[in-house]
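Analysis of the macromolecular model
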There are 2 protein chains.
Amino acid sequence: MAYTYDFPKADLTTDAVVFGLDLDAGRLQVLLVERGVDPFRGAWALPGGFIRQDEDLEACVRRELHEETGVEVAWLEQLYTFGAVARDPRGRVVTVAYWGIVRPDQVRLRAATDAAAAAFHDAEALPPLAFDHADIVASALQRLRGKLRWQPVGLWLLDEVFTLVELERVYAILLGQPMDRGNFRKKIRPQVEAGVLVPTGQQRKPPAGRPAALYRFDEAAWQRREAEGAAFEV
Amino acid sequence: MAYTYDFPKADLTTDAVVFGLDLDAGRLQVLLVERGVDPFRGAWALPGGFIRQDEDLEACVRRELHEETGVEVAWLEQLYTFGAVARDPRGRVVTVAYWGIVRPDQVRLRAATDAAAAAFHDAEALPPLAFDHADIVASALQRLRGKLRWQPVGLWLLDEVFTLVELERVYAILLGQPMDRGNFRKKIRPQVEAGVLVPTGQQRKPPAGRPAALYRFDEAAWQRREAEGAAFEV
DNA sequence: CCAAAAGTGTTAGTATTACACCCATGT
DNA sequence: ACATGGGTGTAATACTAACACTTTTGG
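By convention here, each chain's residues receive numbers from 1 onward along its written sequence. For this description, chains carry letters from A and ligands carry numbers from 1, given in the order in which they are written. Given that this is a predicted model, residues contribute local features only at a pLDDT of at least 70 and side-chain atom pairs are listed and counted only at 80 or more, while totals for whole chains, interfaces and linings are drawn from all residues. Computation of side-chain values covers all heavy atoms of the structure but excludes hydrogens and water.

Quick look at the overall build of chain A
- Scanning chain A from N- to C-terminus turns up 5 helices and 10 strands.
- Taking the principal axes of the C-alpha coordinates as reference, chain A spans close to 65 × 40 × 25 Å.
- Burial status follows relative accessibility: with a 1.4 Å probe on protein chains alone, a residue under 20% of its type maximum counts as buried, one over 50% as exposed, and anything between as partly exposed. Considering chain A as a whole, with its 234 residues, one finds that 48% of them fall into the buried category.
- For chain A, long-range pairs separated by at least 24 residues make up 64% of all intrachain contacts whose partners lie at least 6 apart in sequence. Secondary structure counts use DSSP, requiring at least four H or I residues in a row for a helix and at least two E residues in a row for a strand, with both numbered from the N terminus. Throughout, a contact is declared for two residues whenever any of their heavy atoms are within 4.5 Å.

Have a look at this one:
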């Protein structure tokens, strides 16, 4: 073992900030677990845990997330690495934080391993969090807002087919402010022309009023456009 | 030690991508060290090394940077954490990458510890790099370009006092394209009005032509504006 | 025919771009 | 006087925001 070093090491964990977007209630939430072990037993925290030697960072966060909450999320992005010396009372623990977003009504929560419970909490009214997890959530919120205007975040939250008004509602909730219908469509139009948003020809009937045209998201077309430097602006 | 875990751990390093902006040559460079130890002995790599138990991530990267190159950089930002399982032949090593930018003519290179040499290399023509450091550099370049338009990156590269034409030249090099003088000043004007760029009343005489007004950067004023959500657009 | 919800158009204000012009200095 | 580099102004164009209007459905 010519390359081995021998001095006290820092430990490495991953944590996940999983936002939940409740389309009906129009609220943004955060997935938390109630800790079943010390330290911070009984407090709410982000799902996460120690990395194994043979797994990638993202694999680790997905495993921990699934173990502690039962949730699997389609899209996860690395957020930031938090490594303040005193952030964990167990000793020197550095954590790589990831964030993602899901529809709470499309996942089944199931607490397990060292989590006593798992639940979505309103992002505007979070309970006190363990470790420096409040900082991590704040950082994730900032990233979410920034990402929204360039990446098709809203589309990852909708069903296979959706209407433009539904898409608009998603953005209104995520940005925390109502949008102008006409202007929203103007921004979206280039995406339709580029084939990123594809009209299916089908319609969906609302409780009252004119039926809405259904669209689907052509992810491959988006990948191509993104490679060319195009953005998904709203 | 109730909270101690005992399984094979991942090791943690930090690496620094320090860009050098040569104002005279108009080139962007990257600070590299020639490795003096295995693995990759003799290859060029980013300065960096293992974290100690009692130091923050940023403290670590600054220490390693100073030890291996003699360079101290005013501003460093976390870039991304690279953790692919096989990225290091020594075993499981995860690295937290930082990036920063300096003027090569304002630092004194001095290779030491496990680096055989330290030098700036042209960003467009880097030698083959150790580990996954080529990926890290590519990622840093992307971040630099993205950051430019919102943060006063250009100002961190100038002397205490500077002219607006000098500032414009910095941006032209960083963005890789010439700028329109008039339009650049129009973008800058709000920063002058907000007190972020302060005219000193002094002038600097060029080799020929009209003397240029000197400005200084009021970092505190910028912090205030930034907190209010303002950007430093160019 | 009316209410509700989807979808379109029009206009005023603002920001961006390209380019021409003026100013201060050394030779 | 003129070359050199610093500094300002303007007109055309593109983008944005606000709001009014039209279309399609169910009762």
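A few points about the interface of chain A and chain B
- At the junction of the two partners, chain A supplies 29 residues and chain B supplies 29 residues.
- What counts as buried area is the accessible surface, traced by a 1.4 Å probe, that two parts surrender upon association, with contributions from both included. Carbon and sulfur atoms supply 60% of the area buried between chain A and chain B, which totals about 2800 Å² over both sides.
- Residue Asp 11 of chain A pairs with Lys 9 of chain B through a salt bridge whose shortest N-O separation is 3.3 Å.
- Counting of polar contacts relies on pairs of N or O atoms within 3.5 Å, with two restrictions inside protein: one atom must be capable of donating a hydrogen and the other of accepting it, and residues adjacent in sequence are counted only when both atoms are side-chain atoms. In this structure, the connection of chain A to chain B is made through 13 residue pairs in polar contact (both at pLDDT 80 or more).
- Taken together, the elements giving at least two residues each to the side of chain A that touches chain B come down to strand S1 (11-22), strand S5 (76-82) and strand S6 (93-102) of chain A.
- If you tally residues by element for the side of chain A that touches chain B, the top one is S5 of chain A, at 4 residues. We define a salt bridge as a side-chain nitrogen of Lys or Arg found within 4 Å of a carboxyl oxygen belonging to Asp or Glu.

Details of the packing of helix H2 (residues 133-148) of chain A against helix H3 (residues 164-175) of chain A
Residue and element names in this part refer to chain A.
- Where H2 contacts H3, the two axes come as close as 10 Å, and the packing angle between them is 140 degrees. Here H2 is positioned oblique relative to H3, judged by the angle of their axes. For the pair H2 and H3, the sense of crossing is left-handed. In this structure, H2 uses Leu 144, Arg 145 and Leu 148 to contact H3, whose residues at the interface are Tyr 171, Leu 174 and Leu 175.
- Amino acid classes used here: Ala, Val, Leu, Ile, Met, Phe, Trp, Tyr, Cys and Pro are nonpolar; Asp, Glu, Lys and Arg are charged; the rest, including Gly, are polar. For the contact of H2 with H3, a count of residues per class yields 5 nonpolar, no polar and 1 charged. Axes here mean lines fitted to C-alpha atoms, for a helix over just the part in contact, with angles spanning 0 to 180 degrees between N-to-C directions. When an angle is under 35 degrees it counts as roughly parallel; over 145 it counts as roughly antiparallel; between 65 and 115 it counts as roughly perpendicular; any other value is oblique. In a left-handed crossing the near helix is turned counterclockwise from the far helix by less than a right angle, and in a right-handed crossing that turn is clockwise.

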